[in-house]
Amino acid sequence: MRTIKKRVYIETYGCQMNVADSEVVLSLLADDGCDITNEIAEADVVLVNTCSIRENAEQRIYGRMGEFKRLKREKPGVIVGVLGCMAERLRSKLSHEEARGVGQIADLIVGPDEYRKLPALLEDAWHGKKGVAVQLSRVETYDDILPLRTDGISAWISVMRGCDKFCTFCVVPFTRGRERSRTLTSIIQEVEVLSTRGFKEVTLLGQNVNSYKDGNADFADLLGAVATVDPSIRVRFTTSHPQDMSDKLIGTIASLGNICNFIHLPVQSGSDRILERMNRTYTSAHYRALVERIKVAIPDVTLSTDTITGFPTETEDDHARTVDLLSEIGYDGAYMFKYSPRENTPAFNMPDDVAEVVKSRRVNEIVMLQNAISLRKNQSIVGQIVEVLAESPSKKSEDFWQGRTDGNKTVIFPKGDYSAGTYVPVRIERVNSATLFGSIAVVASPGRVEEAAA
Ligand code: SAH
Ligand code: SF4
Ligand code: F3S
């Protein structure tokens, strides 16, 4: 271990897998004797954990690299490391990317499966040697590393890595490699630690959690086991691929009270022709039937989805099918993207033939429709009393908490005597398409929430 402690700052982009990975990285570096800082100005090492999912995600990083270049000019000796999916994607193109500055500015380029090498690579970097480590692994899960988390209320737990689905538009199978799962035992141990530390929510993460496997245990078994550790901890998960979400999993969600009745189920498109070209491996009929089964088993379920607009060859008719599906299912929320061609994916060889203006118009139609649906769904909650986990002060006022319902809806309400990390009965008074606002409801007897006394 070094005598002079280096201070490490990390910035995280992309999905929650990256958030979880950054905590693994910090854990590895803290064990190696580094100090962690939240102030970039104090840092000796600046790491950026990157995302490649769409072109604009990468553009943001390029913008950031420009700022790091200035930082290095002002503070020579500071080490800049590019981690994550973009590091992985850039590996074969390093010379090309050098033209855009990344190769020159970055002292380290480290892919998602090589973080164990970071202490050694940093040591080299301090001696002026650039480091590149971008091998993907079939086995690495960082199972034995307890992520470095600050105390809080919600934690992300990566349960499997990689993706074998190969949707034709997606870089993830290339940036994250093959599917592999952590052991059930280590995940449960992690949840036990979080329970002792007072965490109140865990979200199990994987690109396709339905592929989770540890011996005979599947994802439903894991979810059930996690939920049993501490009934005061809410359990969520993301993402379930619609092709292989099992009835067993639906049954597990329905049967355990602390597994949130919230399912993110990305559909991508309502057109079978487009779904096939995307290699999503299900039809819109399969998807609709799955949603029906979910709604029957979990009547108060909250659903959200992802859509991609303007995939190669998408016609007005294909688009209309997506619009119809969204109207019919009535999601509580959706992430709605314009198709972004990604080099080396199969769809990259299909002409990106939907004009930008058409993509924009179609995605706007979808966004407007979904906003109206989300508003309608939220309006139906007005007057009800919901249980909200108080998470953090509201951004607009210190006197209010921000929290979420079991169905993952954000609620703003007065703090009253409640502290963060408690479950609060809140009467919803007004809503918009994204947020619910309410007041604390009167609890008549322990564990029983009642209308305020008349
Ligand atoms: N594993 C998850 C998705 C991870 S990526 C799943 O299969 O559901 C998150 C979302 O980004 C995807 O659901 C998709 O809607 C979107 N996305 C991925 N690649 C994209 C691309 N090339 N262009 C536009 N959106 C994309
Ligand atoms: Fe990408 Fe498809 Fe895998 Fe999701 S399931 S990460 S969209 S390849
Ligand atoms: Fe982005 Fe990689 Fe996640 S590409 S969305 S950070 S898996």
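Described in the following lines is the structure provided in the data block. (Residues numbered from 1 in each chain as written. Chains lettered and ligands numbered in written order. Predicted model: local features only at pLDDT ≥ 70, side-chain atom pairs only at ≥ 80, totals over all residues. Heavy atoms only, no water.)

Here we take up the pattern of salt bridges. Applying the stated criterion across every chain, the model contains 41 salt bridges. Residues aspartate 113 and arginine 161 are paired through a salt bridge, measuring 3.7 Å at the closest nitrogen-oxygen approach. Within this pair, whereas aspartate 113 is found in the loop between strand S5 (108-110) and helix H6 (118-126), its partner arginine 161 is found in strand S8 (residues 160-161), the two being separated by 48 residues in sequence. Neither residue differs from the other here; aspartate 113 and arginine 161 are each classed as buried. One salt bridge connects arginine 236 with glutamate 201, and the closest N-O pair in it is separated by 2.8 Å. With arginine 236 in strand S13 (residues 234-238) and glutamate 201 in strand S10 (residues 201-205), the pair connects residues that are 35 residues apart, well separated along the chain. (Salt bridge = Lys/Arg side-chain N within 4 Å of Asp/Glu carboxyl O. Helix = DSSP H or I, 4+ residues; strand = E, 2+ residues; numbered from the N terminus. Buried < 20%, exposed > 50% of the residue type's maximum accessible area, 1.4 Å probe, protein only.)

Before going further, it helps to spend a moment on the side chain of lysine 409. Inspection of the secondary structure puts lysine 409 in the loop between strand S18 (400-405) and strand S19 (410-414). For lysine 409, a relative accessible area of 10% translates into the label buried. Looking at lysine 409, its side chain comes within polar contact range of the side chain of aspartate 332, at 2.8 Å. Here lysine 409 is in contact with Thr302, Asp332, Lys377, Asn378, Ile381, Gly403, Arg404 and Leu436, once residues within four sequence places are set aside. (Polar contact = N/O pair within 3.5 Å; in protein donor to acceptor, adjacent residues only side chain to side chain. Contact = heavy atoms within 4.5 Å.)

What follows concerns the sheet that holds strand S7 (residues 154-158). With respect to topology, 3 strands assemble into an open sheet ordered S7-S10-S13, the strand pairing being parallel. Pairing within the sheet leaves two strands with one partner each, and these edge strands are S7 and S13. Taken over all neighbouring pairs, the strand axes of this sheet differ in orientation by 20° on average, direction set aside. As paired strands, S10 and S13 are joined by 5 bridges and run parallel to one another. Along S13, the bridge assignment pairs leucine 205 with threonine 238. (Pairing = 2+ DSSP bridges. Axes fitted to C-alpha atoms, helices over the stretch in contact; angles between N-to-C directions.)

With 20 residues, helix H2 (residues 55-74) should cover 28 Å at 1.5 Å per step; its first-to-last C-alpha distance of 29 Å lies within 8% of that length. Along H2, the positions that sit buried rather than exposed are Ala57, Glu58, Ile61, Tyr62, Arg64, Met65, Phe68 and Leu71. (Expected span 1.5 Å × (residues − 1).)

Within the fold, isoleucine 36 resides in strand S2 (residues 35-36). Judged by its relative accessible area of 33%, isoleucine 36 is partly exposed. With residues near it in sequence (within four places) discarded, isoleucine 36 still touches Val8, Leu26, Ala30 and Leu148.

A barrel is described by the order of its strands in space; here 5 strands give the closed sequence S17-S18-S19-S21-S20, paired in mixed fashion. Across the sheet, the axes of successive neighbouring strands diverge by a mean angle of 50°, strand direction being ignored.

Next up on the list: the site of ligand 3. Taken together, Cys15, Asn18, Thr50, Cys51, Ser52, Ile53, Cys85, Val172, Arg176 and Gln207 make up all the residues around ligand 3. When its residues are assigned to classes, the shell around ligand 3 shows 5 nonpolar, 4 polar and 1 charged. Residue-level mapping places the shell around ligand 3 at the junction of two domains, with at least three residues from each of domain 1 (7-133) and domain 2 (149-260). (Near = heavy atom within 4 Å. Nonpolar A, V, L, I, M, F, W, Y, C, P; charged D, E, K, R; others polar. Domains from an automatic or database assignment.)

Looking now at the pairing of strand S15 (residues 302-309). Within S15, 8 of the 8 residues are buried, which leaves it mostly tucked inside the rest of the structure. Residues Thr302, Ser304, Asp306 and Ile308 of S15 are buried on one face, and the alternating residues Leu303, Thr305, Thr307 and Thr309, pointing to the opposite face, are buried as well. Examined bridge by bridge, strand S14 (residues 262-264) and S15 share 3 bridges and lie parallel to one another. By the bridge assignment, isoleucine 263 is partnered in S15 with leucine 303.

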